[in-house]
Amino acid sequence: MKRVLFAAAWVTGLLAGVAQAATVIHAGQLIDGVSQKASSRQTVVVEGGKIVAIEPGFRKPAPGDRLIDLSDGTLLPGFIDSHVHLASEQSRRTEIERYTLNDVDRAIDAVVFANRTLLAGFTTVRDLGDGSGAVIALARAVNSGKVPGPRIIAAGKAIGSTGGHADPTNGWSSAIEPVGDTENAVVDSPDAARKAVRQHYKEGAQTIKIMASGGVLSLETHGAAPQMTDAEIRAVIETARDYGFKVAAHAHGTEAIKRAVRAGVDSVEHGTYLDDEAIKLMKEHGTFYVPTLSAARWVHDKAQDPTFFPEVIRPKANEIGAQIQHTFGKAYKAGVKVMFGTDTGVSSHGDNAGEFRLMVEGGMPPMEAIKAATTVPAKFLGLDDRTGSIAVGKLGELVGVHGDPLKDISVLEHVVFVMKDDTVYKAP
Ligand SMILES: [Zn+2]
């Protein structure tokens, strides 16, 4: 009898041991997202999905614990990309895919792209526009643990005006009947804008994106012209506030940026033709700037090949693509608050971390660029009680690289360790 009890206790203990096994990470260098300096030779312990200990030196793992040896590398908080499109990826086939792909194809693509994003070290993303509805569904699936991927804050369809950057039938022959619902995001009055925000709430969006100006990759002539009135933008924002949504404004042109900032948007995306007055307004209103340098670089590169884009897109890609890097440097130096965002889905999913290098090239110190992808967006998204920094009690959303990103920022493009939801998705 005694022996049976002993064996039962041993089995129970073993099972408990397995269930509660800790992940013990030896970090040659630790960047916690908060401190101005990295600390060297630290042990971080994750148990039950949470960081339970951070200690100087390398603690020996207990039997059954998993050791992650990053003693030659750097441990960082999981990265946050504040501007992605998980349900699409630009290519020469983009235009034809508007007619050949179904929403279910987009949904399956989104699962693949989300996985690539996670393995590149991004444990949270803000998805700023998906016409298929796939990303809202994917956000539910990932956030409930059914599918691996970064935590997703989804905007659903971007809201814009007729003929504008978010009009899904732009450039179509009038002979083609639009299929499905194209109305809920195309608004031409404050009332329609209010209805669109409420519809997004109903569909499960968690944030709102508006197209305040034209865009580069839509079949329209003017990439920078304003496309929403002051009253329409204000109606979106007032309604969004009722539901606790933040509002992001896609805006290239100066007038569109100013309208959006004055109306109170939370972030300006791209911001290509930010002038001194717009910079001043953004500082006064505390508006965040998400430069999307990766997308700018990508469209500019592709514009050099005369066969890549439709003719209406190529001059916009060439001009706007070249301008953003310059604008970013100017805005950062002037003191505008910057958040890391790539517009991935323009550039390829999984290449997100290339943005760090472009930010540093634009004049941002490496530690600031890292904060723009960790603590800063975590606070913006209201997730700073859970993620964005490495501290006891936060979730174990962690990324590791070989080498020192403060000396060579490009090492962040080669992530060797990714942990989220108490699961090690990539190990060195
Ligand atoms: Zn975008």
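Residues numbered from 1 in each chain as written. Predicted model: local features only at pLDDT ≥ 70, side-chain atom pairs only at ≥ 80, totals over all residues. Heavy atoms only, no water.

Asker: So, the sheet that holds strand S7 (residues 151–154): which residues are in play, and what are the values?
Answerer: Pairing is parallel in the open sheet, where three strands are placed in the order S5-S6-S7. Looking at strand neighbours, the two that pair on one side only are strand S5 (79–84) and S7, the edges of this open sheet. Taken over all neighbouring pairs, the strand axes of this sheet differ in orientation by 15° on average, direction set aside. (Pairing = 2+ DSSP bridges. Helix = DSSP H or I, 4+ residues; strand = E, 2+ residues; numbered from the N terminus. Axes fitted to C-alpha atoms, helices over the stretch in contact; angles between N-to-C directions.)

Asker: So what's going on with the sheet that holds strand S11 (residues 288–290)? Which residues, and what values?
Answerer: Read from one edge to the other, the open sheet built from five strands follows the order S8-S9-S10-S11-S12, with strand pairing classed as parallel. The two strands at the open ends of the sheet, each matched to only one other strand, are strand S8 (208–211) and strand S12 (337–338). Here strand S9 (residues 247–251) pairs with strand S10 (residues 267–270) via four bridges, running parallel. Paired with Ala 249 across the two strands is Val 268, which belongs to S10. Helix H10 (residues 314–334) contacts S10, S11 and S12 of the sheet and is inclined by roughly 155° relative to S11. (Contact = heavy atoms within 4.5 Å.)

Asker: I'd love a proper account of helix H4 (residues 134–143), names of residues and values included.
Answerer: Because an α-helix packs 3.6 residues into every turn, residues spaced three or four apart end up facing the same way. With seven of its ten residues buried, H4 lies for the most part within the structure. Check the buried side of H4 and you find it contacts helix H3 (103–119), strand S6 (122–127), S7, helix H5 (190–203) and strand S14 (415–420). Looking one or two places after H4, you find Gly 145, whose phi comes out positive at around 85°. (Buried < 20%, exposed > 50% of the residue type's maximum accessible area, 1.4 Å probe, protein only.)

Asker: I'd like a rundown of the layout of surface pockets, residues and numbers included.
Answerer: Taken as a whole, the second largest pocket encloses approximately 220 Å³ of empty space. If you go around the second largest pocket, the residues you meet are Ser 294, Arg 297, Trp 298, Ser 347, Ser 348, Asp 351, Gly 354, Glu 355, Arg 357, Leu 358 and Glu 413. Counting only elements with at least two residues in the lining of the second largest pocket, the list comes to helix H9 (293–303) and helix H11 (354–361). Of all the elements, H11 adds the most residues to the lining of the second largest pocket, at four residues. (1 Å grid on protein atoms, 1.4 Å probe; cavity = no way out; pocket = protein on both sides within 12 Å on 5 of 7 lines; lining within 4 Å. Points joined across faces, edges and corners; volume = space filled by probe spheres on them.)

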